[in-house]
Amino acid sequence: MGHEMLNAWLYIGLFTLVAAALPAIAIFLAGLLSPRKPNPIKDATYECGVETVGPAWTQLRVQYYLFALAFLIFDVESVLLFPWAVAYQQLPLFAIVEAIIFLAILVGGLFYAWRKGALNWQ
Amino acid sequence: MTAFWQDPITFLRLWLEGLLLSWGVPASWVLVIRFAVGALLLATAALLLVILQLWLERKLIGRIQDRLGPNRVGPWGLLQPIADVLKIFTKEHITPAGADRVPFNLAPVLSVAAALMVWAVIPFSATVMGADLNVGILYLLAVGALGELAIILAGWGSNNKYALLGALRTVAQLISYSVPMTLSALVPVMFSGSLHLNVITQAQEVWFVVLAPVPALIFLTASVAEVGRAPFDLPEAESELVAGYSVEYSGLKFGFFYVAEFLKAFTVSLIFAVLFLGGWRGPGAEAYPVLGFVYLMLKSGAVYLLMILFRGTLPRFRIDQVMDLNWKVFTPLALILLMVIALADYFLRGTFPFVRVLGLLGINGLAYVVLDRLLSSRERLRRRPVAQPVRPVARPENLITSSDAGGQA
Amino acid sequence: MSALQWVFIIASLITVGAAVMMVASHRMMHAALWLAVALLGVAVIFVTLEASFFAVVQLLVYIGAILILIVFAIMLTQRSTEAGSRLNSLAWGAAGVAGVIWTALTYVFIRWVVSGTPMQELGASFDDVVLLGKALVDAEGFAVPFEVASVLLLAALIGAVYIAFERKGEGS
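Here's a quick rundown of the structure. (Residues numbered from 1 in each chain as written. Chains lettered and ligands numbered in written order. Predicted model: local features only at pLDDT ≥ 70, side-chain atom pairs only at ≥ 80, totals over all residues. Heavy atoms only, no water.)

### So, the overall build of chain C
Phase 1 of the analysis: Helices and strands together make up the secondary structure of chain C, namely six helices and zero strands.
Phase 2 of the analysis: Helices and strands in chain C line up, N terminus first, as α-α-α-α-α-α.
Phase 3 of the analysis: Classification of the 172 residues of chain C by burial places 33% in the buried group.
Phase 4 of the analysis: Summed over its atoms, the accessible surface of chain C is roughly 10,900 Å², and 72% of this surface lies on carbon and sulfur atoms. (Helix = DSSP H or I, 4+ residues; strand = E, 2+ residues; numbered from the N terminus. Buried < 20%, exposed > 50% of the residue type's maximum accessible area, 1.4 Å probe, protein only. Areas by Shrake-Rupley, 256 points an atom, 1.4 Å probe, with all protein chains shown as cover.)

In structure tokens form, the structure reads like this:
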């Protein structure tokens, strides 16, 4: 463990810096090369070709929130299942049944949400 | 000592290390320099690959649509992407009035960076790998989350309610498809017993796509939706929602959103090849690591071609169809298959490989047939005939009628 | 000072700074973005502790799911995108309570760590994720909390559906 893991993360850290620097430098260079002629009409935000009306606010539907919540729940569920999956080859049948119960409970939740119409877009 | 042709990257790495050490550079610095050079080369190679992708995609889509695609700039239009890049470098960077500067400018950089960061953990051959991370697969999924954050930044920073709405809708699609993707990514982990991508590759004596074709298909489809490619490309459909999260961007900033999309497409093909198609495995790949790299590129290239085919042939899904498909088909399917495969593989684990393969294939086939039946029965329920045969009905208004359906007077 | 300590110091400064900015922001969306920075800082601290699994889980769950949930919740709230600096009348009282709790926790941790053991060097073949997996399903381990966690998630899902849909008559 020890140093190998830290070395791996060091590489990832360096790679992140490079991956962020390359586009940033390119955009900077392009900024130098491109013309800069701002005027109020060009800078106005786009609204189907008409003048902007009102501040930029949006009233979201609760549907988005439900999708995000469902995603959160299944995300946490998957994260709890990953260690089990890693140990899977060495586990007895009891452990596998446990995970099946875990999954089944959440499948039940999914079907409940489905029946209640929480998963419809409109 | 490895010859150059067997394993060029390792050969170069050892040469560089030897050179630096002979200059008296301390060992820890050698490591950092080696990592930095490797990272720079890999990131640059990935971005150059995108240029090739731009050409390939336009040519192929053109052919699918019975036209030639770019053919003026350079032989077979090969220099077309370079011309496009040069053009976009010189376009003005318009910042909309009232835009939030930091999120607005950070978004394209973060989008590309998130797509690039995946390349750091991919095993390119038996000996060449960026970061030897023992939680590689989770890292792939986590970096996708950073990409979603970039989209939110873009939508918010544009000070445009349509951009914001488009961004949130896109993010809703992306996070929804993360669920079946994460769930079916559990299958290679189960089979190989590790989160480390190189271990998963090495465990694929039989490719995992053979052992678990349906989870592989779910993973592939969910990845295509994650990237926002056709037929799930509602986020970038001009006719649908003004223009989505990148509407206020111009010049190279917009160019980088475009680059990020193509990069993600190839990255996803690469991931699928590693997880399900055996990665760099192939005849002679251990002895000649270079072959491993070639195999990996061929496999991901094949998957990428498949994705181009999807784009050119399938009509776009509506947003409600997209969400339905995810939550009502893929997620339950992935969950149930996970349970079934977990149970089945426990019993098939000790048997001969042949029996195991057949058993798992059988289960997948069964799942496919059951799913097919379920979906077609739902379709039949929903489908209503467009034209009813005319039936005589005793109603006040047709008492006195001479229709040929026989209105009874 | 080794490089690792420098990384820890920088990451901690960024995390604490982002947390302060999050509380001090005038616009809720800015607060959410500062939260993202703070969570990234925490992930880096996990890395310095060689807890790779938890670092990626932090990224995946906190930044990938919880942050997005918070952003959607902010968007659901009317007029939350406007700038507003109305300080809650209880703000100073709350700050006082938080200060007291912080002092108490710091005292406890200092007393605890000083007499504690230093971090042990783990062997190269130590695979933490496998052990975690086995522990999660071990009957004498964490099997019951494992199953209870899924029931908790189910409760969250049902609760959200109920709240969103039983009030459907009042509009979304």
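### Re the nonpolar core
Phase 1 of the analysis: Counting 203 residues, the largest nonpolar core has Phe15(A), Trp84(A), Ile137(B), Tyr139(B), Leu195(B) and Phe72(C) as the members making the most contacts within it.
Phase 2 of the analysis: Not counting the four nearest positions on each side in its chain, Phe72(C) is found in contact with Leu60(A), Tyr64(A), Tyr65(A), Ala68(A), Leu168(B), Val171(B), Ala172(B) and Ile175(B). (Core = buried A, V, L, I, M, F, W, Y, C linked by side-chain atoms within 4.5 Å. Contact = heavy atoms within 4.5 Å.)

### Points about the interface of chain B and chain A
Phase 1 of the analysis: With 87 residues of chain B at the contact, the number on the chain A side is 71 residues.
Phase 2 of the analysis: Together chain B and chain A conceal approximately 6,800 Å² of surface at their shared face, both sides included; 78% is due to carbon and sulfur atoms.
Phase 3 of the analysis: It is Glu92(B), Lys161(B) and Trp327(B) that lose the most area in chain B upon contact with chain A, and together they represent 10% of the buried surface on that side.
Phase 4 of the analysis: Inspection of the chain B/chain A interface yields zero salt bridges.
Phase 5 of the analysis: Along the contact surface separating chain B from chain A lie five residue pairs in polar contact (both at pLDDT 80 or more).
Phase 6 of the analysis: For the side of chain B that touches chain A, the elements supplying multiple residues, two or more each, are helix H2 (27-64), helix H4 (101-117), helix H5 (136-157), helix H6 (161-192), helix H10 (251-276), helix H12 (319-348) and helix H13 (353-382) of chain B.
Phase 7 of the analysis: Taken together, the residues that form the side of chain B that touches chain A break down as 57 nonpolar, 16 polar and 14 charged. (Buried area = accessible area lost by both parts, 1.4 Å probe. Salt bridge = Lys/Arg side-chain N within 4 Å of Asp/Glu carboxyl O. Polar contact = N/O pair within 3.5 Å; in protein donor to acceptor, adjacent residues only side chain to side chain. Nonpolar A, V, L, I, M, F, W, Y, C, P; charged D, E, K, R; others polar.)

### Considerations on the packing of helix H3 (residues 62-87) of chain A against H12(B)
Helix-helix packing is characterised by the crossing angle of the two axes and by the distance between the axes.
Phase 1 of the analysis: Running from amino to carboxyl end, H3(A) crosses H12(B) at an angle of 20 degrees, the nearest separation of the two axes being 14 Å. Overall, the two elements H3(A) and H12(B) adopt an arrangement that is roughly parallel. At the point where H3(A) passes H12(B), the crossing takes the left-handed sense. Residues Phe67(A), Ala70(A), Phe71(A), Phe74(A), Glu77(A), Leu81(A) and Trp84(A) of H3(A) form the contact with H12(B), whose own contacting residues are Met323(B), Trp327(B), Thr331(B), Leu335(B), Leu338(B) and Ala342(B).
Phase 2 of the analysis: Class assignment of the residues belonging to the contact of H3(A) with H12(B) gives a composition of eleven nonpolar, one polar and one charged. (Axes fitted to C-alpha atoms, helices over the stretch in contact; angles between N-to-C directions. Parallel < 35°, antiparallel > 145°, perpendicular 65-115°, else oblique. Left-handed = near helix turned anticlockwise from the far one by under 90°.)

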